[in-house]
Amino acid sequence: MLVDFSAPVAASPAEAEAAAVSAEQVGYDGFGAAETKHDVFTTLALVARATERISLQSGIAVAFARNPMTVAVLGNDLQLISEGRFRLGLGSQVKPHIERRFAMPWSRPAARMEEFVAALRAIWQAWATGERLLFRGEFYKHTLMTEFFDPGPNPHGNPPVELAAVGERMTAVAGRVADGLLVHPLTSVAYLTERILPTLREARGGALDDFSLGLSAMVVLGADPAQRARAEQAVRGQIAFYASTPAYRPVLEVHGWGELADRLNALSRRQEWAAMAAEISDEVLDAFAVAGDPATVAAGLTARFGATIDRISLYTPYEADRYQLAAVRSALRTSNRS
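Per an unreviewed UniProt entry, the protein goes by LLM class F420-dependent oxidoreductase and derives from Actinoplanes ianthinogenes.

Shown next, in the form of structure tokens:
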């Protein structure tokens, strides 16, 4: 299991660049940047120039805020700049954000994503081979590519495409057309083993060879009891935020917590964030997060995900102590070798 470092969600491009340099120096295998307050491709372009070894991932870039051609160009350029170290992580986001924040169309997200990736690969194939670009789908049509706009074959090949998914339809799409799945942080062992893995195996004809599973795992860390308490409260709030989204209700239903999802959704509509966090019991917290000192957290992550997850990073919706994070990474490395 490879250990990646995720940039803080609110980090500026320059802050993410500095974090990536530090992550490479201390031995992380990969670096991921999310698309929240800043453009993820701009951030990773800086990171690619500042690092030499560490792999880079957009975790995630919002696919439906763009189109296959723009993503093909961005992915190709980052693969060039990083000299083959880029992993293109894509996600759909949810309907309100696509329609109301990005003013882009939303319909049948699983089918749209499957076609998006097919179009993306068709564009890369045209550049690699010089063949005529002729992609006609239900959602996207790309039929024009002149020499002036054709970058030609990428000497490092195309970056792998990894899709974020929660529901079984999008998970099946990832199994059919992607090179990997980005497992959502709101994922329990039960949901992973009962829903995600069977869906992937069915989509891929039974085997998961040459297919990567990555997880950003929620953890509760703190150098002292006060820090641990603040971290735990932040994680409870993050679990409540995710669980209030109707699209994530199936994750809770696996545990018989469908009513909790409904209560959280109602509270979120009233923006009662503190009340939402209070709804997260110790049982729910334990299902979605691992808490303890670094050795305990590393052991817990290995026990839960060591047999299934290929790449793992630590999801800390609070200001985590970097020495604690480094200690978890070291302990995970030791566990992987044993």
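Moving on, there is more to tell.
Our focus in this paragraph is the overall build of the protein. Of regular secondary structure, the protein possesses 14 helices and twelve strands. Its C-alpha radius of gyration of 20 Å places the protein within 12% of the 20 Å reference for a compact globule of 338 residues. Here the C-alpha coordinates of the protein stretch approximately 60 × 45 × 40 Å along the principal axes. Counting all 338 residues of the protein, 49% fall into the buried class.

What follows deals with the side chain of Thr 199. Following the sequence through the fold, Thr 199 ends up in helix α7 (residues 189-203). Here Thr 199 falls in the buried class, since its relative accessible area comes to 10%. Setting aside chain neighbours within four positions, we find Thr 199 in contact with Glu 168, Thr 171 and Ala 172.

So, on to empty space enclosed by the protein. Inspection of every chain in the model, using the stated rule, returns two cavities of 30 Å³ or more. There is about 100 Å³ of room inside the largest cavity. Together, Ala 7, Pro 8, Val 9, Ala 11, Ser 12, Ala 16, Ala 33, Ala 34, Thr 36, Lys 37, His 38 and Thr 43 line the largest cavity. Grouping the amino acids of the lining of the largest cavity by side-chain chemistry returns seven nonpolar, four polar and one charged. As a volume, the second largest cavity reaches approximately 50 Å³. If you trace the second largest cavity, you find it lined by Pro 185, Thr 187, Leu 215, Ala 217, Met 218, Phe 288, Ala 289, Val 290, Leu 301, Arg 304 and Phe 305. Listing elements by their share of the lining of the second largest cavity, those giving two or more residues are β10 (212-220), β11 (289-291) and α13 (294-305).

Right, let's get into the environment of Phe 149. Looking at the element boundaries, Phe 149 is found in the loop between β7 (141-142) and β8 (161-165). We classify Phe 149 as exposed; its relative accessible area is 58%. Expressed as a C-alpha distance, the spacing of Phe 149 and Ala 164, which sit 15 residues apart in the sequence, is 30 Å.

Take helix α2 (residues 40-50) next. Those residues of α2 lying buried are Val 40, Phe 41, Thr 43, Leu 44, Val 47 and Ala 48. The buried residues of α2 all sit within an arc of 155° when viewed along its axis, so they share a single face. Where the residues of α2 are buried, they touch α1 (13-26), β2 (30-33), β3 (55-58), β4 (61-62), α3 (68-81) and β5 (86-91). Residue Asp 39 occupies the N-cap position of α2, its side-chain oxygen lying 3.2 Å from the main-chain nitrogen of Phe 41.

Counting across every chain of the model gives 17 salt bridges. A salt bridge links Asp 4 to Arg 311; the shortest N-O distance between them is 2.9 Å. On the criterion of sequence distance, the pair formed by Asp 4 in strand β1 (residues 2-6) and Arg 311 in strand β12 (residues 311-315) is long-range, its members being 307 residues apart. Note that Arg 263 and Glu 279 form a salt bridge whose closest N and O atoms lie 3.1 Å from each other. Pair noted here: Arg 263 is in helix α10 (residues 258-269) and Glu 279 is in the loop between α11 (273-278) and α12 (282-288), with a separation of 16 residues, a long-range link. We classify Arg 263 as partly exposed; its relative accessible area is 37%. Given the relative accessible area of 28%, Glu 279 is considered partly exposed.

Compared with an ideal rise of 1.5 Å per residue, which puts 21 residues at 30 Å, helix α5 (residues 109-129) spans 30 Å between its outermost C-alpha atoms and is within 8% of the ideal. For α5, the full list of buried residues reads Ala 110, Arg 112, Met 113, Glu 115, Phe 116, Val 117, Ala 119, Leu 120, Ile 123, Trp 124, Ala 126 and Trp 127. Tucked inside the fold, the buried residues of α5 contact α3, β5, β6 (135-136), β7, β8 and α6 (168-177).

Criteria and cut-off values
- Residues numbered from 1 in each chain as written.
- Predicted model: local features only at pLDDT ≥ 70, side-chain atom pairs only at ≥ 80, totals over all residues.
- Heavy atoms only, no water.
- Helix = DSSP H or I, 4+ residues; strand = E, 2+ residues; numbered from the N terminus.
- Rg over C-alpha atoms; globule rule 2.2 N^0.38 Å.
- Buried < 20%, exposed > 50% of the residue type's maximum accessible area, 1.4 Å probe, protein only.
- Contact = heavy atoms within 4.5 Å.
- 1 Å grid on protein atoms, 1.4 Å probe; cavity = no way out; pocket = protein on both sides within 12 Å on 5 of 7 lines; lining within 4 Å.
- Points joined across faces, edges and corners; volume = space filled by probe spheres on them.
- Nonpolar A, V, L, I, M, F, W, Y, C, P; charged D, E, K, R; others polar.
- Arc of directions from axis to C-beta.
- Polar contact = N/O pair within 3.5 Å; in protein donor to acceptor, adjacent residues only side chain to side chain.
- Salt bridge = Lys/Arg side-chain N within 4 Å of Asp/Glu carboxyl O.
- Expected span 1.5 Å × (residues − 1).

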